[in-house]
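# Remarks on the overall topology
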Amino acid sequence: LTSPISYVVSGLLSSSDETNPAQSSGKYADSSFMLEKPFDSSLSNSILENERRGDRAFATGALSDAIQMYTDGVLNINPAHHVVLCKRGIAYLKRRQYDLCMRDATKCIALRTEWPMGYLFKG
């Protein structure tokens with residue numbers, strides 16, 4: 001399973017109108033660039049599972065479901081989860097909800113100024 005972050009990093013989020021990244025090309029499933037995700041021992045198993053559910057929804061093109069899972073299943077419990085903020089921002093970007101993507105990018109940068117993904121979406 002490839003996350004939304006790997007999807008963007010692999011360069012597949014160009015000007016494409018595709019809604020199902022898993023079908024866009026073989027690069028998506030074989031992304032060779034993996035970002036380090038710091039483990040926070042305070043996160044419960046349910047939060048981690050909800051993040052995975054959001055990733056699976058994103059991978060199948062169910063962007064609304066991914067956004068809902070990232071929001072309700074993770075960010076409402078741990079609003080400082082910068083990786084999930086970035087993933088939700090990518091889903092907003094794919095839906096062309098640019099203002100919401102920018103909001104998540106700004107929050108991501110505020111939480112982790114050294115992490116480049118927030119800056120990628122902020123521009």
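Criteria and thresholds
Residues numbered from 1 in each chain as written. Predicted model: local features only at pLDDT ≥ 70, side-chain atom pairs only at ≥ 80, totals over all residues. Heavy atoms only, no water. Axes fitted to C-alpha atoms, helices over the stretch in contact; angles between N-to-C directions. Helix = DSSP H or I, 4+ residues; strand = E, 2+ residues; numbered from the N terminus. Parallel < 35°, antiparallel > 145°, perpendicular 65-115°, else oblique. Left-handed = near helix turned anticlockwise from the far one by under 90°. Contact = heavy atoms within 4.5 Å. Expected span 1.5 Å × (residues − 1). Buried < 20%, exposed > 50% of the residue type's maximum accessible area, 1.4 Å probe, protein only. Polar contact = N/O pair within 3.5 Å; in protein donor to acceptor, adjacent residues only side chain to side chain. Nonpolar A, V, L, I, M, F, W, Y, C, P; charged D, E, K, R; others polar.

### Remarks on the packing of helix α5 (residues 82-94) against helix α6 (residues 98-111)
At a minimum axis separation of 8 Å, α5 and α6 run at an interaxial angle of 160 degrees. The orientation of α5 with respect to α6, classified from their angle, is roughly antiparallel. Of the two possible hands of crossing, α5 and α6 adopt the one that is left-handed. Mapping the contact onto sequence places His82, Leu85, Cys86, Arg88, Gly89, Tyr92 and Leu93 in α5 and Tyr98, Leu100, Cys101, Arg103, Asp104, Lys107, Cys108 and Leu111 in α6.

### Points about the side chain of Asp104
Note that Asp104 resides in helix α6. Residues contacting Asp104, with those up to four places away along its chain left out, are Leu85, Arg88, Gly89 and Tyr92.

### Things to note about the environment of Arg103
For Arg103, the position within the fold is in helix α6. A C-alpha to C-alpha distance of 8.7 Å links Arg103 and Lys122, two positions 19 residues apart in sequence. When neighbours within four sequence positions are excluded, Arg103 is seen to be in contact with Arg88 and Tyr92.

### Remarks on α5
Owing to its 3.6 residues per turn, the α-helix brings residues three or four apart onto one side. Taking 1.5 Å as the rise per residue, α5 with 13 residues should run 18 Å; its terminal C-alpha atoms sit 19 Å apart, in good agreement. Of all 13 residues in α5, twelve are buried, a share of seventy percent or more. Those residues of α5 that sit buried are His82, Val83, Val84, Leu85, Cys86, Lys87, Arg88, Gly89, Ile90, Ala91, Tyr92 and Lys94. Just downstream of α5, Arg96 is the residue with a positive phi angle, here 65 degrees.

### Description of the side chain of Lys87
Within the fold, Lys87 resides in helix α5. Accessibility expressed as a relative area gives 4% for Lys87, which makes it buried. A distance of 2.9 Å separates a polar atom in the side chain of Lys87 from a polar atom in the side chain of Asp55.

### A short note on unusual backbone geometry
Glycine aside, negative phi is the norm for most residues, and most peptide bonds take the trans geometry. In this model, Arg96 sits at a positive phi of 65 degrees, which is unusual for a non-glycine residue. Within the secondary structure layout, Arg96 lies in the loop between α5 and α6. The partly exposed category is assigned to Arg96, whose relative accessible area is 49%.

### Let's talk about the packing of helix α3 (residues 45-59) against α5
It is the contact of α3 with α5, at a shortest axis distance of 11 Å, that shows an interaxial angle of 20 degrees. Considered as vectors, α3 and α5 are oriented roughly parallel to each other. α3 and α5 meet at a crossing whose hand is left-handed. Two secondary-structure elements touch here, α3 through Glu51, Asp55 and Phe58 and α5 through Val83, Val84, Lys87, Ile90, Ala91 and Lys94. Its residues assigned to classes, the contact of α3 with α5 shows five nonpolar, no polar and four charged.

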